[in-house]
Amino acid sequence: MTRTRRISLVAAAAALLTTAACTSAGPTDEEASDNEVQEVTDGGEITIAATSDITDWNPISANGDTTGQRQQQWPLYPHPFLTNPDTSVVMNEALLKSADVVEEDPMTVEYVLQDEAQWSDGTPISADDFIYTQAVQDPEQCEDCLAAFTEGYSDIESVEGSDDGKTITMVYSEPFSEWRSLFNYILPAHVADEYGDLATSFNEGFVENVPEVSGGPYMVDNHTKGISMTMVPNPKWYGEGPHLEKITTRYITGESEQLTALQSGEVQLVYDTPTVDTKEQAEQLPNMTVRTGSTLTYYHLGMKTTGETMSDEPLRKAIATAFDLSDMRERTIGQFAEDVPQMKSSVYVPDQKIGGEEAYQDNLSDLGIGAGDVDKAKKILEDAGYEIKKDKLIQPDGKPLRDLNFLTLGTDVLRMELAQIAQQQLLKIGITVNIDAADGAQYSPALRDGDFDIMATGTALDLGPLSMQQWYGTDAPRSFGYSNEKADELMASASSELDPKKQIELMNELDRVLLDDGVVLPLFGTPMMAVYPQEFGNIFINPSKYGTTMNVEQWGQLAEPGAS
């Protein structure tokens, strides 16, 4: 292939989101705020608390791509790109010598693997693995593969490997700006061959079988369903580290119970979204490092825009105007994560940069959304023919507005608090809200099916334009009926725009469209908390949806105990 021009796109970067404090029944250690990699010794072990077991061993399947399962399985696979604690996206130098867009028309990406990169059984990591991983996420090649995402993969027209399999060349049908977000878990093609054809291997083989082959720093040694999983170092690991001799994951439901297990020494790491109570509980534990920080996943409210009731634009605008989003923040995370600001964008987090360019901007205030302006909300309703009688909103046809259904996850304390505050705020404009506190099994199907009027959920912005397309694209997997031709055009343009500055402009224009439709009301970045004994180092809050295990090969016991 002729190389007309070699292009290096600047990886996405953002200002530091993570802060940390070491607690020993009191004082703060400033050294912990830097997220610098510290010197650790070889040996020792750690036990991590996790809320739920792995039920699907394929981390890129529709059912396997969940927060807990992604994080637990991250140490078992190769990954071309990594997200640092400061949100910058960098090439994984253990796996790759290079990864670049080498031609613009057609867009062509070339990956060059490290010679030493191999699976734990000694099979080289090669083009075959990229070819398989792309095929099972491309509906044209595997219509029956139940993949979590197909965007980007379906745009790849060809994947070719060099004679030694260490150089992979991909040609895209059109430019795809988020190419670095693809292949976040590379599956072993030689193992897939043992399971059968594409659909069988993907939907059954990788889903049902605990992986015996690893391409990451650790491999599974033992898994006891509902109890624990134990990992040990991969003897064929091709990167630096790992340092710990064993990592065990214990399944303990409830963060308070996890902190109790931490206090008793049953576990040594709790990583979860904090609450006022759990943050206070963690800070009372002696000789512990307590890290808190924001992430690229953010909480937001959303409204259904279809159906007899919620398709009425003035009603949605009045609700969006009456909501006081700042009050929601102050009464929730403002109680324990003061440094996490209110978001005024649904497409970027505060201080985020893309390709070195400032990306985040306030698109909320000028639209008058989320300011808690009850008088303005009432005026919008009155102009549309509504009226409030005896604290009840009456529709233009003279009938009382039915009670609205607020869908939230009953096991998430923050979302429940948001639902209750929303319920209180909308009473001021005569709207009664019923809270549907769904359990884990009910929540996601109800969300996808649009079985709600208002909802509280979270969105991970790791995938840039793709993150928004999944939620708001016409007929997208999570769109719950929302459709806007202008939004579709902007998402498509942003996905194919390789110039960071132009992509930022498109994304902010998209943000204004979504905010104006009332389909999204951004709140704040999801706070996370990591708590562990001070003897351990290099355990960070990772802002990506793949979590704290992203740098697991660097974890270890500090060479100088107490330095954390």
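These figures come from a predicted structure and were not determined experimentally.

**What about the sheet that holds strand S24 (residues 521–525)?**
In step 1: Pairing in this open sheet of 5 strands is mixed, and the strands run S22-S21-S23-S16-S24 from one edge to the other. What marks the edges here is a single partner per strand, and that holds for strand S22 (433–438) and S24. Neighbour-to-neighbour, the strand axes of this sheet turn through a mean angle of 30 degrees, independent of strand direction.
In step 2: Bridge analysis of strand S21 (residues 404–409) against strand S23 (residues 454–460) gives 2 bridges, and the strand direction is parallel. For Leu407, the partnering residue across the bridge sits in S23 and is Met455.

**What to know about the packing of aromatic side chains**
In step 1: For the coordinates displayed, the defined rule picks out 19 aromatic pairs.
In step 2: Plain terms: the ring middles of Trp74 and Tyr546 are 5.0 Å apart, the flat faces sit at 35 degrees to each other, and that makes the pair tilted. Taken together, the positions of Trp74 in the loop between helix H1 (67–73) and strand S5 (81–83) and Tyr546 in the loop between strand S26 (536–537) and strand S27 (556–558) put the pair 472 residues apart, joining distant regions of the chain. For the pair formed by Trp74 and Tyr546, the shared burial category is buried.
In step 3: Here the aromatic rings of Tyr185 and Tyr546 are separated by 5.8 Å at their centres, their planes lie at 70 degrees, and the arrangement is edge-to-face. With a gap of 361 residues between them, Tyr185 in the loop between strand S10 (167–172) and helix H3 (189–195) and Tyr546 in the loop between S26 and S27 connect regions that are remote in the sequence.

**Observations regarding the packing of helix H12 (residues 465–472) against helix H14 (residues 500–517)**
In step 1: Across the interface, H12 lies against H14 with an axial gap of 11 Å and an inter-helix angle of 25 degrees. As far as their axial angle goes, H14 and H12 are roughly parallel. Crossing geometry of H12 relative to H14 is assigned as left-handed. Facing H12, whose interface residues are Pro465, Met468 and Tyr472, H14 presents Gln503, Met507, Leu510 and Leu514.
In step 2: Class assignment for the residues of the contact of H12 with H14 results in 6 nonpolar, 1 polar and no charged.

**Examining H12**
In step 1: The buried fraction of H12 amounts to 7 of the 8 residues, a majority that puts the element mostly inside the structure.
In step 2: For H12, the set of buried residues is Pro465, Leu466, Ser467, Met468, Gln470, Trp471 and Tyr472.
In step 3: Against strand S16 (297–303), helix H11 (440–449), S23, helix H13 (485–496) and H14 lie the buried residues of H12.

**Looking at the sheet that holds S26**
In step 1: Reading across from one edge, S3-S27-S26 is the order of the 3 strands in this open sheet, with antiparallel pairing throughout. The sheet is open, and its two edges are formed by strand S3 (40–41) and S26, each paired on a single side.
In step 2: Where S3 lies against S27, 2 bridges are found, and the strand directions are antiparallel. If you follow Val40 over to S27, its bridge partner there is Leu558.

**As for helix H7 (residues 313–322)**
In step 1: The element H7 is extensively covered by neighbouring structure, given that 7 of its 10 residues are classed as buried.
In step 2: Considered for burial, the residues of H7 that qualify are Leu315, Arg316, Ala318, Ile319, Ala320, Thr321 and Ala322.
In step 3: Of the residues that open H7, the one with a side-chain oxygen 3.2 Å from the backbone nitrogen of Leu315 is Asp312.

**Some remarks on the pairing of strand S25 (residues 528–533)**
In step 1: Taken across its 6 residues, S25 has 6 buried, putting it largely inside the fold.
In step 2: Across 3 bridges, strand S14 (residues 269–272) lies against S25 in antiparallel orientation. Of the residues in S25, the one forming a bridge with Val270 is Val531.
In step 3: Bridge count for strand S15 (residues 288–293) against S25 is 6 bridges, and the pairing is antiparallel. If you follow Met288 over to S25, its bridge partner there is Pro533.

**Side note on the nonpolar core**
In step 1: Core analysis: the biggest nonpolar cluster contains 75 residues, and Ile319, Phe323, Ile431 and Met468 have the highest contact counts within it.
In step 2: A per-element tally of this core places H14 first, with 7 residues.
In step 3: Leaving out residues up to four positions away in the same chain, Ile319 has contacts with Met303, Met310, Leu404, Leu426, Ile429, Ile431 and Ile454.
In step 4: If you look at the next biggest cluster of nonpolar residues, it comprises 73 residues, including Leu96, Leu113, Val159 and Met528.

**Things to note about the pattern of salt bridges**
In step 1: Throughout the structure, instances matching the rule amount to 15 salt bridges.
In step 2: Between Asp65 and Arg70 there is a salt bridge whose closest N-O contact spans 2.9 Å. This pair shows no difference in class: Asp65 is buried, exactly as Arg70 is.
In step 3: Its salt-bridge partner being Lys317, residue Glu313 comes within 3.7 Å of it at the nearest N-O pair. With Glu313 and Lys317 both in helix H7, this residue pair falls 4 residues apart, about one helical turn.

**Description of the state of the cysteines**
In step 1: Per the counting criterion, the structure on display carries 1 disulfide.
In step 2: The disulfide partner of Cys142 is Cys145, and the S-S distance across this bridge is 2.0 Å. Here the S-S torsion is close to 80 degrees, and the disulfide linking Cys142 with Cys145 is therefore right-handed. Each member of the pair Cys142 and Cys145 is classed as buried.

**Examining the pairing of strand S7 (residues 96–104)**
In step 1: Extensive coverage of S7 is indicated by the burial of 7 of its 9 residues.
In step 2: Judged from the 7 bridges that link them, S7 and strand S8 (residues 107–113) form a sheet pairing that is antiparallel. The residue of S8 that forms the bridge with Asp100 is Glu110.
In step 3: Hairpin connection, S7 to S8: the antiparallel pair is bridged by 2 residues.

**A few points about unusual backbone geometry**
In step 1: Backbone torsion omega between Asp105 and Pro106 reads 0 degrees, so that peptide bond is classified as cis.
In step 2: By the element assignment, Pro106 lies in the loop between S7 and S8.
In step 3: At Lys390, a residue that is not glycine, the phi angle is positive and equals roughly 50 degrees.
In step 4: For Lys390, the position within the fold is in the loop between strand S19 (387–389) and strand S20 (392–394).
In step 5: Phi at Asp391 is positive, roughly 65 degrees, even though this residue is not glycine.

**What about the packing of helix H5 (residues 255–264) against helix H6 (residues 276–283)?**
Relative placement of two packed helices is described by the angle separating their axes and the distance separating the axes.
In step 1: Contact geometry of H5 with H6 gives a least axis separation of 10 Å together with a crossing angle of 5 degrees. In terms of axis orientation, H5 runs roughly parallel to H6. Contact residues: H5 offers Glu255, Ser256, Leu259 and Thr260, while H6 offers Thr278, Gln281 and Ala282.
In step 2: A class-by-class count of the residues in the contact of H5 with H6 yields 2 nonpolar, 4 polar and 1 charged.

Cut-offs used in this document
Residues numbered from 1 in each chain as written. Predicted model: local features only at pLDDT ≥ 70, side-chain atom pairs only at ≥ 80, totals over all residues. Heavy atoms only, no water. Pairing = 2+ DSSP bridges. Helix = DSSP H or I, 4+ residues; strand = E, 2+ residues; numbered from the N terminus. Axes fitted to C-alpha atoms, helices over the stretch in contact; angles between N-to-C directions. Phe/Tyr/Trp six-rings, centres within 6.5 Å; stacked < 30°, edge-to-face > 60°. Buried < 20%, exposed > 50% of the residue type's maximum accessible area, 1.4 Å probe, protein only. Parallel < 35°, antiparallel > 145°, perpendicular 65-115°, else oblique. Left-handed = near helix turned anticlockwise from the far one by under 90°. Contact = heavy atoms within 4.5 Å. Nonpolar A, V, L, I, M, F, W, Y, C, P; charged D, E, K, R; others polar. Polar contact = N/O pair within 3.5 Å; in protein donor to acceptor, adjacent residues only side chain to side chain. Core = buried A, V, L, I, M, F, W, Y, C linked by side-chain atoms within 4.5 Å. Salt bridge = Lys/Arg side-chain N within 4 Å of Asp/Glu carboxyl O. Disulfide = S-S within 2.5 Å.

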